[in-house]
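# Topology and contacts: notes
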Amino acid sequence: MSQTTTDFVPAEFDAHSWEVAEPLFAELQNRPVETAADFERWLLDRSELDAALSESAARRFINMTCDTSDKEKEAAYLHFVEHVSPKLKPASFELDKRQADLAEVHALPAERYAVLERDVRAGVEIYRDENVPLQTELAKLSQQYDATIGAMTVEFEGQERTLPQMGVYQESSDRDLRERAWRAVSDRRLADGEKISGLYDAMVERRHRMARNAGFENFVGYTFKAMGRFDYTPELCFAFHDAIERRVMPFVRRLDAKRRDELDVGGLRPWDLSVDPKGRDPLRPFQNGADLVARTRKVFERLDPRLAEMFATLGDGSNDQGIANGDLLDLDSRKGKAPGGYQYMQDRSRRPFIFMNAAGLHRDVETMVHEAGHAFHSMLCIDEPLVHYRHSPIEFAEVASMTMELLTMPYWDAYYPSEEDAARARRKQLEGSIGLLPWIATIDAFQHWVYTNPAHTREQRAQAWLGLDDRFGHAVDWSGLEAHRPFVWQRQGHLFGNPFYYIEYGIAQLGALGLWLKSLEEGEGPALAAYTKALSLGGSRPLPELFEAADLPFDFGDGTVARLVERVEAELEKLPE
Ligand SMILES: [Zn+2]
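Each chain has its residues counted from 1, following the order in which its sequence is written. A pLDDT threshold of at least 70 governs which residues receive local features in this predicted model, and a stricter bar of 80 or more applies before side-chain atom pairs are shown or counted, although totals over entire chains, interfaces and linings include all residues. Note that water and hydrogens are dropped before the side-chain values are worked out from all heavy atoms of the structure.

### What to know about the overall build of the protein
The helix and strand inventory of the protein stands at 22 helices and 5 strands. Relative to the 2.2 N^0.38 estimate, which gives 25 Å for 577 residues, the radius of gyration of the protein is 24 Å and therefore close to what a compact globule would have. Here, residues are in contact when the closest pair of their heavy atoms is within 4.5 Å. In the protein, 74% of the contacts between residues at least 6 apart in sequence involve partners at least 24 apart. Per-residue accessibility takes into account occlusion by the displayed protein chains alone, with areas from the Shrake-Rupley method and a 1.4 Å probe. Only carbon and sulfur atoms are counted for the fraction: they give 50% of the accessible area of the protein, which is about 25300 Å². Counting rule applied: Lys, Arg positive; Asp, Glu negative; His and chain ends not counted. Charge positions are represented by NZ for Lys, CZ for Arg, CG for Asp and CD for Glu. The average position of the 69 basic charges and that of the 97 acidic charges among the side chains of the protein differ by 2 Å. Each helix is a run of H or I in the DSSP string that is no shorter than four residues. Each strand is a run of E no shorter than two, and both are numbered from the N terminus. Based on C-alpha atoms, the radius of gyration is set beside the globule rule, defined as 2.2 Å times the residue count to the power 0.38.

Laid out in C-alpha cells, this is it:
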C-alpha cells in the first residue's frame, strides 16, 4: 500500500455491516479540530474511510458480477446495497456538513483544496430536508421504468425474446427480417408508451419541485450544481448543439447517402442503420480473453512502453474463475456472468479491475482498450492521497478511455492481419466517434427543453422531440411509422434514472479526438506526453485545467468541432474501401 495512507481505518476493515463503520464516522464527527494541520489530517482520515467503504462495495460488486449464480456473493452484495449503504449516505452527508464548516474556519491552500471544497460545499448548499422524500419517490419511479422496460419481450421467430436479444437482428443482411424485428420491438415499446410517458411526467414534476425547494428557477440550474458542472453553462451546451448541427450533420447525411447507395435501397428505413452496408460477416479479431490480452499487450508495447508496463500489471486474462490474486482482468463471457463491461478501481488497495464479456467481436476490442484507458487513469494518479482526487469528472475520465480507442488504431493489425479488415475496423471507429455526437446533442437538447418548460403537455413534448429528430436524426424515411417516431426518446434510460447525464460523453469525445489530432499533427510522443500528464492529475484540478494539461481547448463550440470533423473525414478518405 502507498505511503500516503493513514492508519485511521484498521487494515482488515470490511463494511459488512453499518456497525463496523459507525465508530469511525462518530470519531470524525466528534474529533476536535483546532488547527489547519488538524483539519488536513481529518481530511486524510476521512479519505481513508471513504476509500475503505468504496472498496467494500467494489469487492462485493465485482464478486457478484463475476458469478451471478453464487447465492452467497449475491446476498453479500444485496446486504450492502439494502442495509449498509442507506446508513452510510446520511452519515456521509453529516461529515460533508462538518467538512464545509471546518473549511470556513481553517483556510487551507486553495491551490490544493479548492476543488475538494467546492464539490463538498455544492452538495451541502443544495440539500433540503423536504427533498429527501421526493428523492425516494424518484428512485421508485426509476425502478418502475426499469421494471417496465425489463419486462418487455416479444414473440419472434417462434420464441419469446428480450429486447436486447432482438438487437442482433438489426445486423442481419436480410432486410425483411430486420424490418419484422424492428416492428416487433417498436410495437412492444409503443404498447407501454403512454405508461412510460406517465412515469416521466411524474419524474419531471418532482425534479422541478426539488429545484424550487432548493431556491432554483428550474431543474437545470439545480442539476448543474448537483452534478458539479461549475466550469460550463447551459449556453455552452447550446453552442455544442449548434456546432453539431452545423458541422457534423452534413457529414452524417453524406454517410447516410453512402449507406443508402451501398445497401441499394430507395430510402433508408429505421431498420437499415446497424447492418454492415456491404453485407460482410462480422470482424473476428481474437479467439478468447487470453488471446485478446496478448494482442492488446502487443498494441500497447508498440504505442508506448509506459502504458504497456501498466497494462502488463493487470494480468494475462487467462483466469476465468473470477478474481485470483494479482489478476485484475475477467474478460471471457461465460454462463453466470453479469452482462456488460466496466473498469472498477478498488480504492483502498488501489488496484483497478476490468470486467467484460468478450465474445470475439470488434466491439470487445473497443471495450478492452477503452477500459484499459480508465485503468491507466487510475494507475497514473495512484499516489494521490485524497481518494476524491483519484477520480475525475466524467467529462475528463472518458477522455482517458476514448483516447485509447483512437490512439491504438495504427496498431490494430495485431487484431487484423488483413489490411482490409484493419481498414474496416478503423473506418467503423472513426465514423462512430463522430456519428455518436448528434444523438448526444439530441438527448441533451431534449432535456434542456423538458426542464425549462416543466409545465409542458405530452403533445408539446412529442413535438419538441420531433423537432430535434429533424435537426439531429439520420436521413430516415418514417412514412407509415408516424405513431412510433414521437416515442423514440423512451429508449434512452438516462432520461429516467440519470437526468442530464449524457453530454459528458460528447465533451470527452471531442477531447479524445483532439488528442488523436495532436498525434497526427505532432506525432504520438507529444500526444502521449500530454495524455499521461493530464491523467496524472486525477481529479485534483478543475475541468478546464485538466483539458489544458492535456493540451486541449476546453471548448465544445464550432471551431473545435469543425477542425475535428474535417480531419476525421480526411482520414476516412485515405482508408481503402
Ligand atoms: Zn468509459
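### Considering the pairing of strand β1 (residues 153-156)
If a strand is regular, its side chains alternate between the two faces of the sheet. Partly exposed describes any residue whose relative accessible area lies between the buried limit of under 20% and the exposed limit of over 50%, with all areas from a 1.4 Å probe on protein chains only and scaled to the type maximum. Only one face of β1 is buried, namely the one carrying V154 and F156, since none of T153 and E155 on the opposite face is buried. Here a strand pair is declared whenever DSSP counts at least two bridges between the two strands. Strand direction decides the pairing type here: β1 and strand β2 (residues 159-162), joined by 4 bridges, are antiparallel. The residue bridging F156 from the neighbouring strand is Q159, located in β2. Where β1 folds back onto β2 in an antiparallel hairpin, the turn is made up of 2 residues, including E157, whose phi is positive at roughly 50 degrees.

### Some details on empty space enclosed by the protein
We place a 1 Å grid over just the protein atoms. Points where a 1.4 Å probe fits but has no way out form a cavity, open points with protein on both sides within 12 Å along at least 5 of 7 lines form a pocket, and any residue with an atom within 4 Å of a point lines it. Grid points are joined across faces, edges and corners, and a volume is the space filled by probe spheres set on the points. Within this structure, the stated rule accounts for 2 cavities of 30 Å³ or more. If you go around the largest cavity, the residues you meet are I507, L510, G511, G514, F547, L552, P553, D555, F556, T560, R563 and L564. Of all the secondary structure elements, the ones that give two or more residues to the lining of the largest cavity are α19 (503-522) and α22 (558-574). Ranked by residue count, the leading element in the lining of the largest cavity is α19, at 4 residues. Each pocket or cavity is described by its volume, and for the second largest cavity that value is around 60 Å³. If you trace the second largest cavity, you find it lined by W182, S186, R189, L190, W478, H484, F487, V488 and R491. When grouped by side-chain class, the residues that make up the lining of the second largest cavity number 5 nonpolar, 2 polar and 2 charged. Gly falls in the polar group here, along with every residue not listed as nonpolar (Ala, Val, Leu, Ile, Met, Phe, Trp, Tyr, Cys, Pro) or charged (Asp, Glu, Lys, Arg).

### Structural notes on the pattern of salt bridges
Salt bridge criterion: a side-chain nitrogen from Lys or Arg within 4 Å of a carboxyl oxygen from Asp or Glu. For the coordinates displayed, the defined rule picks out 54 salt bridges. Two residues, R471 and D242, come together in a salt bridge whose shortest N-O distance is 2.9 Å. Taken together, the positions of R471 in helix α17 (residues 458-472) and D242 in helix α10 (residues 234-263) put the pair 229 residues apart, joining distant regions of the chain. Its relative accessible area of 25% is what places R471 among the partly exposed residues. For D242, a relative accessible area of 42% gives the class partly exposed. It is possible to trace a salt-bridge network through shared partners that takes in K258, E262, K278, R427, E431 and E577.

### What to know about the sheet that holds strand β5 (residues 351-358)
Strands pair in a sheet through their backbones, by hydrogen bonds, and they do so in one of two ways: parallel or antiparallel. One open sheet holds the 3 strands; their spatial order is β3-β5-β4, and the pairing between them is mixed. Two strands close off the open sheet at either side, each with one partner strand: β3 (329-332) and β4 (342-346). Strand-to-strand twist of the sheet, defined as the mean angle between neighbouring strand axes without regard to direction, takes the value 15 degrees. Against the sheet, helix α11 (residues 289-303) engages β3 and β5, with an angle of about 115 degrees to β3. Only C-alpha atoms enter the line fits that serve as axes; for helices the fit covers just the stretch in contact. Angles between N-to-C directions range over 0 to 180 degrees. The sheet contacts of helix α13 (residues 362-380) involve β3, β4 and β5, and relative to β5 the element is tilted by about 175 degrees.

Function cannot be inferred from these measures alone, as they are strictly geometric.
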